[in-house]
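# Fold and geometry: a report
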Amino acid sequence: MGLCGQAGRHSSAGTELGSTKMPTVKYQRGDMVMGRWPGSSLYYEVKVLHFDAKSQLYTVIYKDGTELELKEQDIKSAAARTTRPSCTAAAVAAAAITESASPSRRDAKLKDSFEVRLIPPEQTKASENNGNKKHEKKEDNEPANKVNEKSEPEKNQSRYNLRRRKDDGDGKAEAKAEQLEEKEAKMAAAAAPPSVSLDFGGKLGAYFWLLFLPAWVLFLVLKVNQEDPSLANFPPLWPLLESFWDAKALGFVVLWILFQVLLYILPVGKLSEGMPLRSGERLKYRTNGFFAMVVSCVAVAAAVQQGADLTYIHSHFLQLAVSSFLISVLLSSYLYVRSGRAAAEQLALGGSSGNVAYDFFKGRELNPRIKYFDLKFFCEMRPGLIGWCLINFALALAEMKRQGLEAPSHAMILVNLFQLLYVADGLWNEEAILTTMDLMHDGFGFMLAFGDLVWVPFTYTLQAYYLVSRPTPLSPPALAAIVTLKLVGFYIFRKSNSEKNAFRRNPSDPQLSHLKTIPTATGRSLLVSGWWGVVRHPNYLGDLLMALAWSLPCGFSHLLPWYYMIYFIILLVHRDSRDMSECRRKYGSAWDEYCRTVPYRIIPRVY
Ligand SMILES: NC(=O)c1ccc[n+]([C@@H]2O[C@H](COP(=O)([O-])OP(=O)(O)OC[C@H]3O[C@@H](n4cnc5c(N)ncnc54)[C@H](OP(=O)(O)O)[C@@H]3O)[C@@H](O)[C@H]2O)c1
Ligand SMILES: CC(C)=CCC[C@@H](C)[C@H]1CC[C@H]2C3=C(CC[C@]12C)[C@@]1(C)CC[C@H](O)C(C)(C)[C@@H]1CC3
């Protein structure tokens, strides 16, 4: 080391570089030079962004957007290039840590470090745009940098690790470093600028979806009521206007939601922590969904025992759907109005386009709460999801009544049990929802309110509705094949979701130590083996296999019971591409590396 003298002795006059002044120092802004990677003797090509005379540090940027601050002695001129000029910071770091595998050497190197600070890629663009001024400000005030300053040695040790993680001694250092990673991730997230790209076709798209989604639900509900629901039989008969409305139906929906509110606020069950927000805060959620489901089942059974006729749900399906729709519109309006008072850091990224229709549709506030009552979490997991099972059960009773059966048909039992298992599993693992896209990134607006309260209970039940008046016998081999398919799908779905959830909650979980990971500049790693090494969304694969098993019992006479399967393929393909762009933005070249290592998105060797 110690290649050059101190930068300070050169600085006096200052050099004009674009609109900003840079003191006369050895390396100038824009120079391509070789920067030493902290903790190693490897040098990589970097661009000089800024020199700070006060701290005597150069801010440099790697090819993947990672920014570091280096001492002059850790920089060589490009002519001195010796190694891997175009590596990404992540790969660089991996090489560095592999190289320093021996603990004593590694410790020595880590000690020998650095006034270096790792700056997340999100900030890079902003800092590049704002030039030197921004950097000067950041050095003094940026909390992320302060944490990094302290923790760089540990951070490098854990983050840049492409080896199997159980090879790493007693894991204590790793656990400590992972805690720091989490802290850094919080800080990085807090500093992330709002994204400007608009999903769902942007502003025009929002108008379209606002009209199309309710119209589509209405179409499906009318269609499944037709004696011949084939596509040729179009359009379905339009009912009289007064038959859309039923005050009693609205009363039932309101009662159901209030009942779920009551179960949600009961001080029963665990309080789970959500993922860190941009502010660094972690919200607490009452995860007693499974309890709510069991109590709801008991309450429904008691009501039936007392003579309640659940087939009302079948005969008033349209009115119940319309009532739920009205509630979802009221809720979305409330959410939109209250989001006007929300602080900037409480808004979802990209949730504030300024366009009323778009913001109303997509939702602005990330976690709207009334005291501790989390509206998004509640709506996503409770009334609609448990309501879905209630409706399915009512439809099984309606089938028995309509077809004069003593027990529901095999097809109806399969559909009921399969979907009950899906919902029960979701509620049993309720904590896992806290790491999904909806909870972490999406605002709460019409899309999710309508999706949770109308779309899920009134379109996910179409298979059961279809079977009420369309007997579909199943042979024993068909039955066995469908059950097997469901179980295989469920296994993939559950295992992959649990693996990611466990990893995100505790990256140093000893049970996951056999998995390989790719480090990223944000401090979080990506799983690259196990389920997440097979395809990029193994959970979607399992979900799709289950969806297939839900449609198969309804046979092939009509397209209508296959609607869920078709919708789900579209939803998941779109969700996957939304997630890919989001991860590309978050993780930069580490994400590209993951995509190269795991080339298929959902179906191995196909897609
Ligand atoms: N029935 C339905 O209507 C329905 C609809 C949609 C979804 N779902 C199901 O809901 C579940 C959740 O789906 P989701 O769309 O929210 O997506 P998800 O797959 O649970 O979450 C995606 C996130 O996981 C993280 N991630 C991605 N690759 C990773 C890797 N290799 N290692 C570690 N973390 C990685 C990333 O976030 P971070 O890096 O920021 O953690 C990414 O943004 C899925 O099982 C899906 O099938 C059901
Ligand atoms: C209105 C439209 C077209 C879309 C809204 C989408 C919304 C209905 C889904 C988005 C994420 C979904 C989801 C589940 C249900 C449906 C959504 C809310 C889920 C709660 C179902 C149960 C699962 O076990 C799960 C993994 C917890 C699901 C999480 C995602």
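The rules behind the values
- Residues numbered from 1 in each chain as written.
- Chains lettered and ligands numbered in written order.
- Predicted model: local features only at pLDDT ≥ 70, side-chain atom pairs only at ≥ 80, totals over all residues.
- Heavy atoms only, no water.
- Phe/Tyr/Trp six-rings, centres within 6.5 Å; stacked < 30°, edge-to-face > 60°.
- Helix = DSSP H or I, 4+ residues; strand = E, 2+ residues; numbered from the N terminus.
- Buried < 20%, exposed > 50% of the residue type's maximum accessible area, 1.4 Å probe, protein only.
- Near = heavy atom within 4 Å.
- Areas by Shrake-Rupley, 256 points an atom, 1.4 Å probe, with all protein chains shown as cover.
- Nonpolar A, V, L, I, M, F, W, Y, C, P; charged D, E, K, R; others polar.
- Polar contact = N/O pair within 3.5 Å; in protein donor to acceptor, adjacent residues only side chain to side chain.
- UniProt positions renumbered as here; feature names shortened; annotations may be inferred.
- Salt bridge = Lys/Arg side-chain N within 4 Å of Asp/Glu carboxyl O.
- Pairing = 2+ DSSP bridges.
- Contact = heavy atoms within 4.5 Å.
- Axes fitted to C-alpha atoms, helices over the stretch in contact; angles between N-to-C directions.
- Parallel < 35°, antiparallel > 145°, perpendicular 65-115°, else oblique.
- Left-handed = near helix turned anticlockwise from the far one by under 90°.
- Disulfide = S-S within 2.5 Å.

Looking now at the packing of aromatic side chains. Here the structure, examined in full by the defined rule, presents 42 aromatic pairs. Ring geometry for tryptophan 256 and phenylalanine 259: centres 6.2 Å apart, planes at 50 degrees, overall tilted. Residue tryptophan 256 and its partner phenylalanine 259 are both found in helix H7 (residues 247-265); the two are separated by three residues, about one turn of the helix. Given a relative accessible area of 17%, tryptophan 256 falls into the buried group. Taking relative accessible area as the criterion, phenylalanine 259 reaches 25% and is therefore assigned partly exposed. Here tyrosine 422 and phenylalanine 493 contribute two aromatic rings whose centre-to-centre distance is 5.5 Å and whose plane-to-plane angle is 40 degrees, an arrangement assigned as tilted.

On to the site of ligand 2, then. Taken together, 16 residues lie around ligand 2, and Glu380, Gly426, Ile433, Asp438 and Asp452 are the ones closest in. Calculation on ligand 2 without its partners gives an accessible area of 630 Å², and the protein chains cover 87% of this total. Of all elements in the fold, only helix H12 (375-381), helix H14 (410-428) and helix H16 (446-459) reach the threshold of two or more residues within the shell around ligand 2. Ranked by residue count, the leading element in the shell around ligand 2 is H16, at five residues. Looking at side-chain class alone, the shell around ligand 2 contains ten nonpolar, two polar and four charged residues.

Here we come to the environment of threonine 520. Secondary-structure assignment places threonine 520 in the loop between strand E12 (517-519) and strand E13 (525-527). Take threonine 520: its relative accessible area is 0%, and that puts it in the buried class. On a C-alpha basis, the gap between threonine 520 and histidine 50 in space is 23 Å, while along the polypeptide they are 470 residues apart. In terms of polar contacts, threonine 520 uses its side chain to reach the backbone carbonyl oxygen of arginine 524, at 2.5 Å.

So, about the UniProt feature "transmembrane region" (unreviewed entry) in the protein chain. In the numbering used here, UniProt assigns the feature "transmembrane region" (unreviewed entry) to residues 204-224, 244-266, 287-305, 317-337, 444-468, 474-493, 514-535 and 547-573. In residues 287-305, helix accounts for 89% and strand for 5%; the two terminal C-alpha atoms are 29 Å from one another. For residues 317-337, helix accounts for 100% and strand for 0%, while the C-alpha atoms at its two ends are 30 Å apart.

With respect to spatial proximity, 26 residues lie near ligand 1, and among them Tyr460, Tyr540, Asp543, Lys586 and Tyr587 are the closest. Within the side chain of tyrosine 540, one N or O atom sits 2.4 Å away from an oxygen atom of ligand 1. Side-chain polar atom of tyrosine 564 to a nitrogen atom of ligand 1: 3.3 Å apart, as the coordinates give it. A total of 920 Å² of accessible area belongs to ligand 1 in isolation, and the protein chains cover 93% of it. Elements that contribute at least two residues to the shell around ligand 1 include exactly helix H15 (437-440), helix H18 (476-505), E13, helix H19 (538-551) and helix H20 (563-587). Looking at the shell around ligand 1 element by element, the count peaks at eight residues for H20. Looking at the shell around ligand 1, its residues break down into 15 nonpolar, four polar and seven charged.

Tallied over the full model, the rule gives 15 salt bridges. Among the salt bridges present, the one from aspartate 374 reaches arginine 369, with a minimum N-O distance of 2.8 Å. Across the pair arginine 578 and aspartate 442 runs a salt bridge whose closest N-O atoms are separated by 3.3 Å. Of this pair, arginine 578 sits in helix H20 while aspartate 442 is found in the loop between H15 and H16, placing the two residues 136 residues apart along the sequence. A cluster of three or more residues bridged by salt bridges with shared partners is formed by Lys270, Glu431 and Arg505.

The next thing to look at is the pairing of strand E3 (residues 32-36). For E3, the buried fraction is high: four of the five residues fall into the buried class. With three bridges connecting them, E3 and strand E7 (residues 75-77) associate as antiparallel partners. Counted as the bridge partner of valine 33 is serine 77 from E7.

Moving on to the environment of proline 236. With respect to the helices and strands, the residue proline 236 is situated in the loop between helix H6 (202-224) and H7. Sequence separation between proline 236 and tyrosine 594 is 358 residues, and the spatial gap between their C-alpha atoms is 48 Å. Every residue in contact with proline 236, bar those within four places of it in the chain, is listed here: Phe219, Leu222, Lys223 and Gln226.

Another point: the packing of H7 against helix H10 (residues 317-339). Axis separation between H7 and H10 bottoms out at 8 Å; the angle between their running directions is 55 degrees. On the basis of the axis angle, H7 is oblique to H10. Both H7 and H10 take part in a crossing whose hand is right-handed. Contacts between H7 and H10 involve Ala249, Leu250, Phe252, Val253, Val254 and Ile257 from the former and Gln319, Leu320, Ser323, Ser324 and Ile327 from the latter.

Locating leucine 347 in the fold gives a position in the loop between H10 and helix H11 (356-362). Along the sequence, leucine 347 and asparagine 367 sit 20 residues apart, while their C-alpha atoms lie 8.1 Å from each other. Contact partners of leucine 347, with chain neighbours within four places excluded, come to Arg278, Ser339, Ala342, Ser352, Arg364, Glu365 and Leu366.

Here, the word disulfide means a covalent bond between the sulfur atoms of two cysteines. Scanning the model with the defined rule gives zero disulfides in all. Take cysteine 297: it sits in no disulfide, and the sulfur closest to it among the cysteines is that of cysteine 389, at 7.1 Å. Sulfur of cysteine 554: no disulfide; nearest cysteine sulfur belongs to cysteine 389 and is 16 Å away.

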